[in-house]
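Secondary and tertiary structure notes
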Amino acid sequence: MQAILRAARVLLIILPVYLVGAHAAARHGVKFSADEIAFAAEVAQAGGPSQAAVLDILSRVKVQSSILEAIARPAEAVKPWKDYRPIFMTDQRIADGVAFLRANRALLTRIGSEYGVPPQIIVAIIGVETGYGRNLGKYRVIDALDTLAFHYPPRAKFFRGELKQVFLLGNRLAVPIEQLMGSYAGAMGWCQFMPTSIANWAKDEDGDGRIDLWNSLPDITASVANYFQAHGWQNGQPTAVRAQAASDARALDAANSEPLYSVRQIQAMGYEPVDRVNGDALATLLTLDGAQGTEYWITFGNFQAITRYNRSPLYAMAVWQLAQAIARDAAS
């Protein structure tokens, strides 16, 4: 008898969940998977919209095959540095960055000072991510994240978490959920933040009660700066310096951008920085296939901070070199 009662109690808990799902499906002629129904219940239990409201939105989602194709072969993934660099280091992108910095100098100076991040780094990120707000993505975020959460098994868990976060952000965003536009992976705004990045690091810098990464330059620039501050950017410290390799230079195990060696240790292995740097500073070595041959770079903690935005060292080098070019031309 006790077993029967326990089973009945479980049924009373579970049945409403599936009835809500069935009700939403009946309204829109959509058949939800068990995962989607459970997801909607999970969002509601976490303090988001009701299960019915979540399913109502999901009922209008369009699964996009082009998203699955795009994530299977990201555009710059296999390019060497000699081919990757020209994508971002163009005369036009540099000139547009200079114009953006000059037009918003007061704001960028204030944000840079408040968060301890150079204005040119903030500008370069925006330039690399969206061409200073010109290319914000062509997909509805809800379509992108649903497609990847429920139809891309290799990273379903990650994107399910991002989809959940969209619903939990709710009224914190300046744009309704179904109108959010972004990349094929669900990144949003001028700075292409994923939903969890918005939740953790985006700033309502203009104080209007909403996070607006589409139309508010204070929110956009402060969010980028806050991200870098939170991920270890140290103002005034080096980012990367070119190095020359001796003929007998030893191979250096540097699988990622984590600074594990002192500059002196790197020098002892046969790599000499072309500019003067603190020999005690922690760094690592990055080897790139450049247009003129192999390039050696000694990279520091700030370089690793850029890779926290995007793990690719090529991305980080592109951001850093673009920032240097923007700062140089803006000062001239």
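Residues numbered from 1 in each chain as written. Predicted model: local features only at pLDDT ≥ 70, side-chain atom pairs only at ≥ 80, totals over all residues. Heavy atoms only, no water.

**Notes on the packing of helix 8 (residues 119-130) against helix 12 (residues 217-230)**
One way to put it is that helix 8 packs onto helix 12 with a least axis distance of 10 Å and a crossing angle of 110 degrees. With respect to helix 12, the element helix 8 is oriented roughly perpendicular. Contact residues: Ile121, Ile122, Ile125 and Ile126 in helix 8; Ile220, Thr221, Val224, Ala225 and Phe228 in helix 12. The residue inventory of the contact of helix 8 with helix 12, partitioned by class, reads eight nonpolar, one polar and no charged. (Axes fitted to C-alpha atoms, helices over the stretch in contact; angles between N-to-C directions. Helix = DSSP H or I, 4+ residues; strand = E, 2+ residues; numbered from the N terminus. Parallel < 35°, antiparallel > 145°, perpendicular 65-115°, else oblique. Contact = heavy atoms within 4.5 Å. Nonpolar A, V, L, I, M, F, W, Y, C, P; charged D, E, K, R; others polar.)

**Here we look at helix 12**
For helix 12, which comprises 14 residues, the first-to-last C-alpha distance of 20 Å matches the rise-based estimate of 20 Å (1.5 Å per residue) to within 8%. Most of helix 12 is tucked away: 10 of the 14 residues are buried. If you check which residues of helix 12 are buried, you get Asp219, Ile220, Thr221, Ala222, Ser223, Val224, Ala225, Asn226, Tyr227 and Phe228. On its buried face, helix 12 is in contact with helix 7 (105-115), helix 8, helix 11 (195-201) and helix 14 (301-307). (Expected span 1.5 Å × (residues − 1). Buried < 20%, exposed > 50% of the residue type's maximum accessible area, 1.4 Å probe, protein only.)

**Things to note about the environment of Phe303**
Note that Phe303 resides in helix 14. In the structure, Phe303 is positioned 63 residues away from Ala240 in sequence and 6.6 Å away in space, judged by C-alpha atoms. Non-local contacts of Phe303, meaning those with residues more than four positions away in its chain, are made with Thr239, Ala240, Ser257, Leu286, Pro313, Ala316 and Met317.

**Examining the packing of aromatic side chains**
Applying the stated rule across the entire model yields 16 aromatic pairs. Look at Phe100 and Trp190: their rings are 6.1 Å apart centre to centre, the planes differ by 45 degrees, and that puts the pair in the tilted class. Taken together, the residues Phe100 in helix 6 (residues 91-103) and Trp190 in the loop between strand 2 (181-182) and helix 11 connect sequence positions 90 residues apart. When sorted by exposure, Phe100 lands in the same class as Trp190, which is buried. Measuring from centroid to centroid gives 5.4 Å for Tyr271 and Tyr296, while their planes differ by 50 degrees, and the two rings are tilted. (Phe/Tyr/Trp six-rings, centres within 6.5 Å; stacked < 30°, edge-to-face > 60°.)

**Structural notes on unusual backbone geometry**
A negative phi holds for most residues other than glycine; trans holds for most peptide bonds. Phi at Tyr132 is positive, roughly 60 degrees, even though this residue is not glycine. For Tyr132, the location among the structural elements is in the loop between helix 8 and strand 1 (139-140). Residue Tyr132 is classed as buried on the basis of its relative accessible area, which comes to 8%.

**Quick notes on the layout of surface pockets**
Taken as a whole, the largest pocket encloses approximately 1700 Å³ of empty space. In terms of lining residues, the largest pocket is bounded by 44 residues, among which Glu129, Ser183, Tyr184, Ala185 and Asn310 are the most central. Of all elements in the fold, only helix 4 (65-72), helix 5 (81-88), helix 8, helix 10 (156-169), helix 11 and helix 15 (313-331) reach the threshold of two or more residues within the lining of the largest pocket. Element by element, the count of residues in the lining of the largest pocket is highest for helix 4, at four residues. The class makeup of the residues in the lining of the largest pocket is 20 nonpolar, 14 polar and 10 charged. (1 Å grid on protein atoms, 1.4 Å probe; cavity = no way out; pocket = protein on both sides within 12 Å on 5 of 7 lines; lining within 4 Å. Points joined across faces, edges and corners; volume = space filled by probe spheres on them.)

**Let's talk about the pairing of strand 7 (residues 293-299)**
Two faces make up the sheet, and in a regular strand the side chains alternate between them. Of the strand pairs in this sheet, strand 3 (residues 240-245) and strand 7 are connected by four bridges, and their pairing is antiparallel. Paired with Ala240 across the two strands is Thr299, which belongs to strand 7. Across seven bridges, the pairing between strand 6 (residues 282-290) and strand 7 is antiparallel. Across the sheet, Leu285 pairs through a bridge with Ile298, a residue of strand 7. The antiparallel pairing of strand 6 with strand 7 creates a hairpin that spans two residues between the two strands. (Pairing = 2+ DSSP bridges.)

**Some words on the pairing of strand 6**
In terms of strand pairing, strand 4 (residues 261-262) meets strand 6 through two bridges, oriented antiparallel. Its bridge partner lying in strand 6, Tyr261 is registered against Ala283.

**Observations regarding the pattern of salt bridges**
Following the criterion strictly, the structure yields 11 salt bridges and no others. In this structure, Glu42 engages Lys164 in a salt bridge whose closest nitrogen and oxygen atoms are separated by 3.3 Å. Separated by 122 residues along the polypeptide, Glu42 in helix 2 (residues 34-45) and Lys164 in helix 10 bring together distant segments of the chain. On the accessibility criterion, Lys164 (22% relative accessible area) is partly exposed. Measuring nitrogen to oxygen at the nearest pair gives 2.8 Å for the salt bridge that ties Arg60 to Glu178. Taken together, the positions of Arg60 in the loop between helix 3 (51-58) and helix 4 and Glu178 in the loop between helix 10 and strand 2 put the pair 118 residues apart, joining distant regions of the chain. Overall, the relative accessible area of 33% leaves Arg60 in the partly exposed class. (Salt bridge = Lys/Arg side-chain N within 4 Å of Asp/Glu carboxyl O.)

**Topic: the sheet that holds strand 4**
Strands sit in the order 4-6-7-3-5 across an open sheet of five strands; the sheet is antiparallel. The open sheet terminates on both sides in strands that have one partner only, identified here as strand 4 and strand 5 (271-273). Its contacts with the sheet put helix 5 on strand 6 and strand 7, and the angle it makes with strand 6 is roughly 95 degrees. Relative to the sheet, helix 15 contacts strand 3, strand 6 and strand 7, its axis offset from that of strand 6 by approximately 95 degrees.

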